Amino acid sequence: MSSPRRQPRSSGTLEDDDILSEILLRLPPRPSSLPRASLVCKRWHGLASDPGFFRRFRRHHRRNPPLIGFFASSDDLSFVPTLDDPDRVPPGRFSLERVDGDRFMSLGCRHGLVLIFNITPNQMLVWDPVTGDQHRLAIPLGIGTHAEKTTVNGAVLRAAGGGANFQVVLTVADNNTDERSPAFTRQRLAYGAISSQHRFRQGFLGVMFDLEKQSLAVIRVPMDMLENGQFWIIRAEGGGLGLLLWTDSSIQLWKRKKTDCDGVASWALGRTIELDKLLSLESHQVSVIVLGFAEENNVLFLWTCGILFMVHLESLQFKKLCETNFLSHYHPLESVYTSVSYHLFLLLPDNFLNI
């Protein structure tokens, strides 16, 4: 009796590289996603490790990047991972190349870019830790002379649509005259200087720079809001400008309302979070210090009783990161990490190194 004839193998959906790459593109943007996919077979490995696919993967997930760690504002720019294995990125993975005389101070991190003030040569540095790209920017004349003697702050963000374009806004504060001026915005290799000065009075909270109108506005709040605590400017729940106000044991979330006919904005209290109850702190006399905020993930970094915590402001889930008495401003790195080669050493069995 003859054996049944084997049916010809039909070409499946996954045999099409274009369709397969679209499927891989929709994997969760966690550091282990692509390395795990690359273990399926040699063909999947080729697609998941292609530099062009890396760029597409990062661009596709740019609006929901994971929080993979943070940088301290100290000179060594040490990286501290926040994810657990197998997504944990080792502390030494992000190392910034230096030249003689560099003295770094991190000013902030947004859209996967770190903004650094290089003190000694008096320049700004924009660094992408994942790709290693860095751009050194000379501070415009007139601003640079003030930057050497005063307080410097700033922000960096990618231009609309992502990609390599980015913008930088720099403020220089004269502690004697209490004046500030926005310094510049930059996109690729061209930037233009913008100069404006304001004298601030009581009730001053910060400055807001409109990138489209290229204008500076002062953010003010009622004095009684600031008398009993410290603050952090955040994105409000539901969008818009928000304010996180904290005391020793609680956090208040405020939202800025639209201005009235006289151009005066009001503030509305949203939620109050009792930190002593949330974190099960034994004493009501403990001191809580906010050290950083990850705006894309809505996560707060706070320190109390020698312990560094991460707290998600929406779900109120929290995680104990480490015990430390080193206090610094923490700048969260929210980025899509796309290095397959390193994680293969963590995920590959010994007999699978020849794929």
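Everything that follows concerns the structure shown earlier in this document.
Below is a summary of the structure that appears in this document. (Residues numbered from 1 in each chain as written. Predicted model: local features only at pLDDT ≥ 70, side-chain atom pairs only at ≥ 80, totals over all residues. Heavy atoms only, no water.)

A few words now on the overall build of the protein chain. Secondary structure assignment for the protein chain yields 8 helices and 23 strands. Taking the contacts inside the protein chain whose residues are at least 6 apart along the sequence as the reference set, 45% of them involve residues at least 24 apart. (Helix = DSSP H or I, 4+ residues; strand = E, 2+ residues; numbered from the N terminus. Contact = heavy atoms within 4.5 Å.)

Structurally, R58 is set in helix α4 (residues 51-60). Taking relative accessible area as the criterion, R58 reaches 17% and is therefore assigned buried. A distance of 3.4 Å separates the side chain of R58 from the side chain of S335, its partner in a polar contact. Once residues lying within four places of it in the same chain are set aside, the contact partners of R58 are D128, V130, T131, R158, S335, V336 and T338. (Buried < 20%, exposed > 50% of the residue type's maximum accessible area, 1.4 Å probe, protein only. Polar contact = N/O pair within 3.5 Å; in protein donor to acceptor, adjacent residues only side chain to side chain.)

What follows concerns a nonpolar patch on the surface. Residues L14, I19 and I23 make up a contiguous nonpolar surface patch of about 230 Å² in total accessible area. Within the secondary structure, I23 sits in helix α1 (residues 17-25). (Patch = residues over 30% accessible without salt bridge, like charges linked within 9 Å, V, L, I, M, F, W, Y side chains within 5 Å. Areas by Shrake-Rupley, 256 points an atom, 1.4 Å probe, with all protein chains shown as cover. Salt bridge = Lys/Arg side-chain N within 4 Å of Asp/Glu carboxyl O.)

Next up on the list: the sheet that holds strand β23 (residues 330-334). One open sheet accounts for 3 strands, arranged β2-β1-β23; its pairing is antiparallel. Looking at the sheet topology across the chains shown, the edges are occupied by β2 (79-81) and β23. Neighbour to neighbour, the strand axes of the sheet diverge by 30 degrees on average, direction disregarded. By the bridge criterion, 5 bridges tie strand β1 (residues 67-72) to β23 in an arrangement that is antiparallel. Following the sheet pairing, G69 is matched in β23 by L333. (Pairing = 2+ DSSP bridges. Axes fitted to C-alpha atoms, helices over the stretch in contact; angles between N-to-C directions.)

On the surface, R55, R59, R62 and R63 cluster together into a positively charged patch. Note on placement: R59 falls in helix α4. Overall, the relative accessible area of 41% leaves R59 in the partly exposed class. (Lys, Arg positive; Asp, Glu negative; His and termini not counted. Charge placed at Lys NZ, Arg CZ, Asp CG, Glu CD.)

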